[in-house]
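Residue strings, one per chain:
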Amino acid sequence: MHHLRTCAAKLRPLTASETIKNVSQNRTAKLRTFQHIRCYSAPVAAEPFLSGTSSNYVEEMYFAWLENPRSVHKSWDVFFRNANSGALPGTAYQSPPPVGAILPALSSSHFQVETQPNVEKLVEDHLAVQSLIRAYQIRGHHVAQLDPLGILDADLDSSVPTDIITSPEKLGFYGLQESDLDKVFHLPTTTYIGGNETALPLREIVRRLEMAYCQHIGVEFMFINDLEQCQWIREKFETPGIMQFTDEEKRTLLARLVRSTRFEEFLQRKWSSEKRFGLEGCEVLIPALKTIIDRSSGNGVDYVIMGMPHRGRLNVLANVIRKELEQIFCQFDSKLEAADEGSGDVKYHLGMYHRRINRVSDRTITLSLVANPSHLEAVDPVVQGKTKAEQFYCGDTDGKKVMSILLHGDAAFAGQGIVYETFHLSDLPSYTTHGTIHVVVNNQIGFTTDPRMARSSPYPTDVARVVNAPIFHVNADDPEAVIHVCDVAAEWRNTFHKDVVVDLVCYRRSGHNEMDEPMFTQPLMYKQIRKQKPVLQKYAEYLIADAIVTRQEYEEEIAKYDKICEEAYARSKDEKILHIKHWLDSPWPGFFTLDGQPKSMSCPSTGLNEEDLMHIGGVASSVPVDNFTIHGGLSRILKARAEMVKSRTVDWALAEYMAFGSLLKEGIHIRLSGQDVERGTFSHRHHVLHDQNVDKRTCIPMNHLWPNQAPYTVCNSSLSEYGVLGFELGFAMASPNALVLWEAQFGDFHNTAQCIIDQFISSGQAKWVRQNGIVLLLPHGMEGMGPEHSSARPERFLQMCNDDPDVFPKRTDDFAVRQLYNCNWIVVNCSSPANFFHVLRRQILLPFRKPLIAFTPKSLLRHPEARSSFDDMLPGTHFYRVISDDGPASKNPENVNRLLLCTGKVYYDLIRERKTRNMESNVAITRIEQLSPFPFDLIEMEVQKYPNAQIVWCQEEHKNQGYYDYIKPRIRTTINRSKPVWYAGRDPTSAPATGNKAAHLMELKRFMDTAFNINAFDGLV
């Protein structure tokens, strides 16, 4: 902390003799862990002080004595000699001879046992020193000088831990005195402060601990329960002289600081009234990131995927990703016209993809910065998913080729729950990316909120402790300390493949943005910031003073980069059109034409030959592994599947199996993720079989379909929606040749992932020209199960559809496919297994990618009428956007006086009720399977087919929910508003469904009466 003077400044100069100081200079650090075979000839373990941790200490000293008897105190030398000669317990100690006396030879017949000194005190003092060392390792970061402004404590606590020695008086906590400062103590194996020395005076021990843990770096790692990892970190920060840089490295660091600082200053000069969320106050972020990338590239990483908030984004794009400066500068031109479809996004949300040579490692590296919205931290799981996908596709099972870097703000890192969800994916088998480097730009302030009001934890980074990630706090005004920490972070990730956090404690020179006035709420902080010398100036003065660079060289470096910016600015004026595709973060080479268009505007048949259907059905109803015992209940399920295959029919689970299996044969990777998806929430899927006799032995029959098939990944996720859906979205970004599906346990559970749905899935293509074919499977249906397990909230998805309810799309030969191409996502509610089969296959066979929102059934999974024939899935068949009535009503359409339009499960309620009422000839029921984009052309044909029929939309959802508000205006547009569109369904309410079974059935009966009462709407306008 800024106001504390370190102990080293208060204590008197070191006066220990040179011989004590160099007591073991020839011993290497390795000897601290050198293991001898215990060879006491006397039972020294019976000595009274050899108990608990004392015995460990004495044993360590004994090993040192065996190596060199002079490395221990003379009293211990005599003790060990006597013990090895067979002295009885309690008699091995002998007072050392007076100075100048000759030590007599000892034999088994000659002991000189004199008055017992306080051996226990000697042991206790050494143990106290061990405790002192451990205290610095655990709590030294609390007194580290981390705040560049010197006004705040990074841990929000101005108190000093009792066991940290900030004055000689505090030695009393350990039972030590100031007179002990020049005593030499043997160092334990759990510290590296000695370097090549194994013993140091207490004064030097304290000084070295302060240098390691209480300067500009604060290390949090002692909560890690792995000794090897703790030792690794100790060595990286405790070893004397570990933080040394060559003159060339210092010059490189200065050059990178020049670029980072002058870039922001250039933007401020040219566009002083524009928001850009500059990096001023944390300019060291650029050399920090470049150091991580340099070291990782040198360790074999080929691809780095990054996610970050808006602060400093333009600087990262320019100086880390190396986006052309003119492309960035032209974004500030208000007259720039957009050339791509969609709405675009502000410049500090855009992403980028670039492949270049890393000059330090001399290796090619690919860098991708993922586009993201203003919703801080929302991009975290997206980056992780994309990273996992890239690792998967290149066979990088250990994360040695592809890695992720996530940047965070301090307030968001502490406040956003998605950070916690993402951390908890970090070590799960199907979600791990084998270590992420997290860099926190710790402004010590939110928008206007003081950190003391923004978090309950000491640091904003404490969330990382839940996964044993080490946390390195560093003062961002000490560039060399920052570079050392980033170097260690990159090495940690390469060594252990686990997450690590770098906390750059800095400040924000402007307000939340350049237009904001921070003095309203943080007057004292910003008075200090106004006085604060920029880090570039500080570091340059330091290097000039040390004659590392001259002032002329420094000024030439500045002039050189200023010239680069001015030349790029001149070129930017020639840019008249904004191409959003130039900012694409995930290109799909070869999938589109060179100008980014689909290679065709057609979709082939999604049917499958019968031989493949039979083969997939055979595997789906068997166990393809020998000596594998499955549950008896599952045996019955598989037997029932085999019977269905034999009769050429499929239910919902088997139709899904057919779709997946056929795509795997075509080389399409399939990944199904979500809560309990392996078995299925409703115990219908069973894609992972479990041996009943062998723990953790499983079998995935889907991976035993074909010799050269693509792999199938099915994985139960953690109990997270926001994080896991974001992860799967990122996975789907990486390649168009994969079917990535996320299934909600119940449809309404998607509401905790609403941010991903709204900001990425619904609007991602419009904002960032980024297509994505992710599939959301949302179990939906009113079945009397209460308000939380009924509705997948279809009204929310339909409200976000971009088709115009008042415009009938232009009629073309490719009407259906062009509608799909122009929409932002596809929303379906299939009523038959075959149609579900087709819509899944269509996702891949389309020449472009769109998100698919599929409302899936619950009771229909086992409904005897919810079956499809193989005939509906053979070559030449396809997905039906609308399924017409093929019963008696369709034979005499003129006699039909009511056309019921519906979607999903309610169809089965309607046909049962129609049959009960004997109205099959005068009521037609048409199913709209694809809700969006709306099938205007097919609904027009249906209405024209029944010229005398009233049009009634029937749904089981409440009137203010479900599909009615979306469907009604589009039907009205289809028929030129020539007829009213009536409603039959539940009344409006705030809750999605009743929790009372009797009330549920009463509601169902009421709207069935409305649907089949021909006179229900008489007299209504």
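Only a predicted model underlies this, so the values are computations on that prediction, with no experimental measurement involved.

**Side note on the overall build of the protein chain**
Phase 1: The helix and strand inventory of the protein chain stands at 33 helices and 28 strands.
Phase 2: Out of the 1021 residues in the protein chain, the part that is buried amounts to 59%.
Phase 3: Restricting to contacts in the protein chain with at least 6 residues of sequence separation, those with at least 24 account for 80%.

**Quick notes on the nonpolar core**
Generally speaking, a soluble globular protein has its nonpolar side chains buried in company with each other.
Phase 1: Ranked by internal contacts, the top residues of the largest apolar core, which has 177 residues, are L285, M306, V316, F329, I405, V439 and L776.
Phase 2: Top contributing element to this core by residue count: helix α16 (residues 479–496), with ten residues.
Phase 3: Aside from chain neighbours lying at most four places away, what touches L285 is L279, V316, L407, V439, V441 and L504.
Phase 4: With 60 residues, the next largest nonpolar core counts V619, V714, I826 and I844 among its residues.

**Thoughts on the sheet that holds strand β21 (residues 852–856)**
Phase 1: Strand order in this open sheet of seven strands is β17-β14-β18-β19-β21-β20-β26, and the pairing throughout is mixed. Whereas interior strands pair on both sides, the edge strands pair on one side only; in this sheet they are β17 (712–716) and β26 (930–932). For this sheet, the mean angle separating the axes of adjacent strands, direction not counted, is 20°.
Phase 2: Both strand β20 (residues 826–828) and β26 contribute to a ladder of two bridges, which runs antiparallel.

**Considerations on the packing of helix α8 (residues 247–270) against helix α10 (residues 313–321)**
Helices that pack against each other are described as a pair by the angle of their axes relative to one another and the distance between those axes.
Phase 1: Contact geometry for α8 and α10: axes closest at 10 Å, N-to-C directions at 125°. In this view, α8 runs oblique relative to α10, as classed from their interaxial angle. Between α8 and α10 lies a crossing whose hand is right-handed. Of the residues in α10, those in contact with R259, S260, F263, E264 and L267 of α8 are L314, N315, A318 and N319.

**Topic: the environment of V714**
Phase 1: Mapped onto the fold, V714 is located in strand β17.
Phase 2: Along the sequence, V714 and L672 sit 42 residues apart, while their C-alpha atoms lie 4.7 Å from each other.
Phase 3: In this view, V714 contacts L672, V677, E678, H687, V688 and I700; residues no more than four positions away in its chain are not counted.

**Some points on helix α7 (residues 227–238)**
Phase 1: Here α7 spans 16 Å end to end across twelve residues, near enough to the 16 Å set by a 1.5 Å rise per residue.
Phase 2: Close packing links the buried residues of α7 with α5 (119–139), α6 (202–213), β3 (217–220), β10 (471–475) and α16.
Phase 3: Residue D226 occupies the N-cap position of α7, its side-chain oxygen lying 3.0 Å from the main-chain nitrogen of E228.

**Quick look at the pairing of strand β27 (residues 950–958)**
Phase 1: Within β27, eight of the nine residues are buried, which leaves it mostly tucked inside the rest of the structure.
Phase 2: For the crossover that starts at β27, traverses helix α32 (residues 964–974) and ends in the parallel strand β28 (residues 981–986), the hand is right-handed.

**Structural notes on the environment of D803**
Phase 1: When you line up the elements, D803 lands in the loop between α26 (794–799) and α27 (815–822).
Phase 2: C-alpha separation for the pair D803 and W825, spaced 22 residues apart in sequence, amounts to 10.0 Å.
Phase 3: Residues within four places of D803 in sequence aside, it is in contact with S932, P933, F934, Y966 and R970.
Phase 4: Side-chain polar atoms of D803 contact the backbone nitrogen of F934, separated by 3.4 Å.

**Considering the sheet that holds strand β8 (residues 402–409)**
Phase 1: With mixed pairing, the eight strands of this open sheet are ordered in space as β3-β10-β11-β9-β8-β4-β7-β6. Where the open sheet ends on each side, the last strands, each with one partner, are β3 and β6 (352–358). Adjacent strand axes in the sheet meet at a mean angle of 20° when their direction is disregarded.
Phase 2: Bridge analysis of β10 against strand β11 (residues 500–505) gives five bridges, and the strand direction is parallel. Following the sheet pairing, V474 is matched in β11 by L504.

**Examining the packing of aromatic side chains**
Phase 1: For the coordinates displayed, the defined rule picks out 36 aromatic pairs.
Phase 2: Judged by centre distance (5.0 Å) and plane angle (85°), the ring pair of F173 and Y174 falls under edge-to-face.
Phase 3: The interplanar angle of 85° and the centroid separation of 5.6 Å between the aromatic rings of W232 and F496 together place this pair among those described as edge-to-face. Residue W232 is located in helix α7, and its partner F496 is located in helix α16; the two are separated by 264 residues in the primary sequence.
Phase 4: Of the residues examined, W232 reaches a relative accessible area of 13% and is grouped as buried.
Phase 5: Taken together, the ring pairs connect F263, F266, W271, F329 and Y569 into an aromatic cluster.

**What about the pattern of salt bridges?**
Phase 1: Using the criterion set out here, one finds 42 salt bridges in the structure.
Phase 2: Close ionic contact of E248 with R251 constitutes a salt bridge, the shortest N to O distance being 3.3 Å. Here R251 and E248 lie together in helix α8, a separation of three residues that amounts to about one turn.
Phase 3: Where E913 meets R917, a salt bridge forms, and the shortest distance between an N and an O atom there is 2.7 Å.

**Here we look at the packing of α8 against helix α9 (residues 285–298)**
Phase 1: Where α8 meets α9, the closest approach of the two axes is 8 Å, and the angle between their N-to-C directions is 130°. When the axis of α8 is compared with that of α9, the two are oblique. Only I286, P287, K290, T291 and D294 of α9 make contact with α8, whose side of the interface consists of L253, R256, L257 and S260.
Phase 2: Of the residues belonging to the contact of α8 with α9, the class tally is four nonpolar, two polar and three charged.

The rules behind each value
Residues numbered from 1 in each chain as written. Predicted model: local features only at pLDDT ≥ 70, side-chain atom pairs only at ≥ 80, totals over all residues. Heavy atoms only, no water. Helix = DSSP H or I, 4+ residues; strand = E, 2+ residues; numbered from the N terminus. Buried < 20%, exposed > 50% of the residue type's maximum accessible area, 1.4 Å probe, protein only. Contact = heavy atoms within 4.5 Å. Core = buried A, V, L, I, M, F, W, Y, C linked by side-chain atoms within 4.5 Å. Pairing = 2+ DSSP bridges. Axes fitted to C-alpha atoms, helices over the stretch in contact; angles between N-to-C directions. Parallel < 35°, antiparallel > 145°, perpendicular 65-115°, else oblique. Left-handed = near helix turned anticlockwise from the far one by under 90°. Expected span 1.5 Å × (residues − 1). Polar contact = N/O pair within 3.5 Å; in protein donor to acceptor, adjacent residues only side chain to side chain. Right-handed = clockwise from strand over helix to strand, strands pointing away. Phe/Tyr/Trp six-rings, centres within 6.5 Å; stacked < 30°, edge-to-face > 60°. Salt bridge = Lys/Arg side-chain N within 4 Å of Asp/Glu carboxyl O. Nonpolar A, V, L, I, M, F, W, Y, C, P; charged D, E, K, R; others polar.

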